[in-house]
Structure formats: structure tokens, C-alpha cells
Amino acid sequence: MKPITSTAKPLIVEAPITIGIDVSKDHLDAARYPTGDTTRVANTRKGHMVLLRWISKNQVTRVVFEATGTYHRGLEQRLDAAGLTIAKVNPRQARRFAEATGKLAKTDRVDALMLARFGALLEPIARLVRSETQNQLAELVAARRSLMRDRTATLNRAQILTIDLLRRHARHRLRQIEAQITSLDATLDTIMANDPVLVRRREILLSIPGLGYVTAQALLADMPELGTMDEAQAASLAGLAPITRQSGKWQGKSFIRGGRACFRQALYMPALVAMRFNPDLKRVYSRLVDSGKHAKLAITAVMRKLIILANALLRDNRIWTPKGA
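The chain is annotated in an unreviewed UniProt entry as IS110 family transposase from Lichenicola cladoniae.

What follows is the structure in C-alpha cells.
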């Protein structure tokens, strides 16, 4: 009896392709996972087009790259315009992944392969791409934050100076810083006034007792995702979600970690104001302190409530009103 043979061709299922891109000032090193193919192009508009043609040879599920200041912005905009799913990851997180897999070497090609594998295995979340206006806001707000640090440092230094020449220098530097801050504020106002969406979002944020003008600008610049997330995601992105620590019978204290530190710092003073003038958040603070919680923990809870409230109001496109109103 002859054995039964089949002439049907075996079904070949192609593995999903993930692209990792290592970004530097002059070059882009890209790698495919799982094939391991790599390429290098210039970090220019022409190089971006060459890279897009290389990427389009396969059905790509995700493109992963690290946040690198301003060097990734042009690439990010063109990948988004091409309709690709892109994920921008924290460099520290990517480095920890490489170390966990035993890859201690660090070259542009190795990093690109590592990012591709990182994207395929961990499937990082794809977030909204910032517009050019949002990039400008973020850069201006960061510059203002730096000037405020310089102002504080100069004021502190001026208090201990004993030489008249140095005192004059300190006063001159303070006038210079104040003029630069005023100029930045005017530019920020102009940018926002020309964007009806930003005007409305700022109006919503300013309606929340405790949030002032500067904090509203920081929220719009540093966290443009507000209004598109759920409560847990908003708190986590701000680094205000408590991290549980438990193993077996051991139960450690929860703490906050990660997220966007500059954004968390911007919420501290508004939380102190909200504890006094926002009736809803005042009740949150009082309830925690009365139950024996440390004041610092209660302030952190108010900060978390503030960001969750801002996210909800922006999502619903509505002005804040007190509960029961």
C-alpha cells in the first residue's frame, strides 16, 4: 500500500516585523526583528525618506526609538505621517532591558537591534506624537524652568556677597533673567493665542482651584496626552501612582517612582494651594491627615487627584465645578 502524500504547500506565516532605530545627531541606525537586517542613513529629510522605503519592504507592526532631545523630532513626524505605529521609549528603560538580556556592548548597530527586540517582546505603548506647536511649547517651558532655577540661585548667592562689584553683577544678572522670563512669557502667550484648541485647554485647566497660569502652561507643554488617558495612566505618567511592595508575608510601604519628574515638581505648589482653596481636594487632604497619614503622603494624594481631575476635564471638554454645584 502506497503512503498517502499531500501536494498542498505548507502554510507559511510571516513573523511580525518590529523596527528599532538608534538616533544620533548625524545618523540613524535601523534594525529589523526577528530577521536582524540593519541599515544606516543620514539624520536628514533625505535620509528619512530612504529609511521609510527600507521600512516599507515589510509589514511592520511597530517602530521603536529612544527619546533623544531634538534629534528624533523630524524622524518622529515623518514616521507618524507615514501611518506607522511608533513608540518612543525612555533610554534608561531600554538600557536596563539590554543589560537584562546580557548585551553589555554598546554601539549604534547593537542599540538598534536591542530596540527592535525590546519593541517586539515588551510591546511598548504608542503615544500621541507632539505637533510642532507642542514641541515649541515644551522647549520654551523648559527654558523658563531653567531661568527660574538661575534666578533662585542668583538670589541665594547675592545674600552672601560682600564685594560691591559682585553685588552689582548679581543685580544685573537678576534684571537680565527677569527680562528673559518676561520675553518667554510673551512668546508663550502668542503661541497659545494662535491655537484655539490650546486656548480652550488652558481655560479648562485654569478653572481648577489651585492651578495657576504657569502650571497650566507646564501641563500643556509637558503632558499633551492629558485628556486621552484613563485615571491610572494619567497618574502613572506623572509618576504619582503608588507602587505596591509585597513579597510573601512581607508588606512594604508603597511609594511613587518614575514618570515625568519636571511635571511632578510643577504640581507641588498647586497642591498646597488646592489644599486651602479647592473644597474637594481640601476634604481629601483633611481626611488623610485625620486618619493618621503623614502630611507628605497627603500632599502626594492631592497632587494625584489634581492630575486625574485635569485629565477628566480635558477629556470631557468642560470647566471645573465643585461637587454638588
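After that view of the structure, there is still more to cover.
**So, the pattern of salt bridges**
The full count for this structure, using the stated rule, is 17 salt bridges. Across the pair Glu139 and Arg73 runs a salt bridge whose closest N-O atoms are separated by 3.3 Å. With Glu139 in helix 5 (residues 132-158) and Arg73 in helix 2 (residues 73-81), the pair connects residues that are 66 residues apart, well separated along the chain. Residue Glu139 is classed as partly exposed on the basis of its relative accessible area of 48%. As a salt-bridge pair, Asp150 and Arg173 come within 3.5 Å of each other at their nearest N and O atoms. Here Asp150 is found in helix 5, whereas its partner Arg173 is found in helix 6 (residues 164-193), with 23 residues between them in sequence. One continuous salt-bridge network, built from bridges that share partners, spans Asp29, Arg40 and Asp108.

**Describing the packing of helix 6 against helix 8 (residues 213-222)**
Look at helix 6 against helix 8: their axes get within 12 Å of each other, and the N-to-C directions meet at 60 degrees. In terms of orientation, helix 6 and helix 8 fall into the oblique class. Here helix 6 and helix 8 pass one another in a crossing that is left-handed. Packed against helix 6, whose contacting residues are Asp185, Leu188, Asp189 and Met192, the element helix 8 presents Tyr213, Gln217 and Leu220 at the interface. Residue composition of the contact of helix 6 with helix 8, grouped by class: 4 nonpolar, 1 polar and 2 charged.

**Here we look at the UniProt feature "domain: Transposase IS110-like N-terminal" (unreviewed entry) in the chain**
UniProt annotation of "domain: Transposase IS110-like N-terminal" (unreviewed entry) refers to residues 19-158 when read in the numbering used here. Secondary structure over residues 19-158 splits into 51% helix and 20% strand, and the C-alpha atoms at its two ends are 53 Å apart.

**Overview of unusual backbone geometry**
Geometrically, the link from Tyr33 to Pro34 is a cis peptide bond, its omega value of 15 degrees lying close to zero. In this fold, Pro34 is placed in the loop between strand 2 (27-33) and strand 3 (38-42). Even without a glycine there, the phi angle at Glu123 is positive, about 45 degrees. Relative to the assigned elements, Glu123 resides in the loop between helix 4 (108-122) and helix 5.

Criteria and thresholds
- Residues numbered from 1 in each chain as written.
- Predicted model: local features only at pLDDT ≥ 70, side-chain atom pairs only at ≥ 80, totals over all residues.
- Heavy atoms only, no water.
- Salt bridge = Lys/Arg side-chain N within 4 Å of Asp/Glu carboxyl O.
- Helix = DSSP H or I, 4+ residues; strand = E, 2+ residues; numbered from the N terminus.
- Buried < 20%, exposed > 50% of the residue type's maximum accessible area, 1.4 Å probe, protein only.
- Axes fitted to C-alpha atoms, helices over the stretch in contact; angles between N-to-C directions.
- Parallel < 35°, antiparallel > 145°, perpendicular 65-115°, else oblique.
- Left-handed = near helix turned anticlockwise from the far one by under 90°.
- Contact = heavy atoms within 4.5 Å.
- Nonpolar A, V, L, I, M, F, W, Y, C, P; charged D, E, K, R; others polar.
- UniProt positions renumbered as here; feature names shortened; annotations may be inferred.

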